[in-house]
Structures are given as C-alpha cells and as structure tokens.
Amino acid sequence: MSDLYEEVKAVIVEVLKVDGAEITPETRFIEDLKADSMDQFFLIDGLSEKFDLAISDEDARQIKSVQDAVNYIQSHKK
C-alpha cells in the first residue's frame, strides 16, 4: 500500500474512531463504517486539513470510499 493510502487511513481511524484493520481501499464510509453526515463532514475536514486541500461540497459528495479519497487527494495535491 502507498504512503498516501496509509495517511488517509490514519485520518479515517482518528476521525471515525474505527479499527484500522477493518479498512481497505474498497471500504465505504456510509455502508461499511456506518458514518453519518456529521462523520462525513469531519472526515472531509480532517482530510482537507491533513493534505492542505480545499474540498468542495460537490467533490465531497463524490468521495464515498477510501480509494475515492486517495484518488481525489492524488489528483488535487499541489
């Protein structure tokens, strides 16, 4: 796994208070990790802060899985 994946996973574990062993690239935030809308808000906020990105609400709605988050960060990193 890439360093970026591990960094994203660390943010997810910290924000959602879940076991990192349960997280794979295919893990979905709502269906698999039972994240509600506030959890998702804090997760996007955490990723924005960690990676120094401005993630629009429209883009945030498209980030549904761990791999989606990794792909988004890779394509928008400075």
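Going by what an unreviewed UniProt entry lists, the protein chain is known as Acyl carrier protein and is assigned to Bellilinea caldifistulae. The UniProt entry for the protein chain carries the following comment under Sequence similarities (unreviewed entry): "Belongs to the acyl carrier protein (ACP) family." Reading the Function (unreviewed entry) entry of the UniProt record for the protein chain gives the comment "Carrier of the growing fatty acid chain in fatty acid biosynthesis."

1. Remarks on the environment of S56
Here S56 shows up in the loop between helix 2 (37-51) and helix 3 (57-62). Considered as a pair, S56 and K77 are 21 residues apart in the sequence and their alpha carbons are 14 Å apart. A distance of 3.0 Å separates a polar atom in the side chain of S56 from the backbone nitrogen of D59.

2. Some words on the pattern of salt bridges
Oppositely charged side chains are able to pair whenever their charged atoms sit close together. Counted under the stated rule, the structure contains 2 salt bridges. Residue K50 pairs with E7 through a salt bridge whose shortest N-O separation is 3.8 Å. Of this pair, K50 sits in helix 2 while E7 sits in helix 1 (residues 3-16); the two residues are 43 residues apart in sequence, bridging distant segments of the chain. We classify K50 as partly exposed; its relative accessible area is 47%. A salt bridge links D32 to R28; the nearest nitrogen and oxygen atoms lie 3.2 Å apart. A relative accessible area of 37% places R28 in the partly exposed class.

Cut-offs used in this document
- Residue positions are given per chain, counting from 1 as you read along its sequence in written order.
- In view of the model being predicted, local features appear only for residues whose pLDDT reaches at least 70, and side-chain atom pairs are presented and counted only at 80 or more, with totals across whole chains, interfaces and linings using the full set of residues.
- Note that the side-chain values use all heavy atoms of the structure and ignore hydrogens as well as water.
- UniProt positions are given in the numbering used here, feature names are shortened, and annotations may be inferred rather than shown by experiment.
- Secondary structure counts use DSSP, requiring at least four H or I residues in a row for a helix and at least two E residues in a row for a strand, with both numbered from the N terminus.
- In the analysis that follows, any N or O atom pair within 3.5 Å is treated as a polar contact, provided that within protein one partner can donate a hydrogen and the other can accept it, and provided that, for residues neighboring in sequence, both atoms belong to side chains.
- Any carboxyl oxygen of Asp or Glu within 4 Å of a side-chain nitrogen of Lys or Arg constitutes a salt bridge here.
- Accessibility here uses a 1.4 Å probe with only protein chains present; expressed as a share of the type maximum, an area under 20% marks a residue as buried, one over 50% as exposed, and anything in between as partly exposed.

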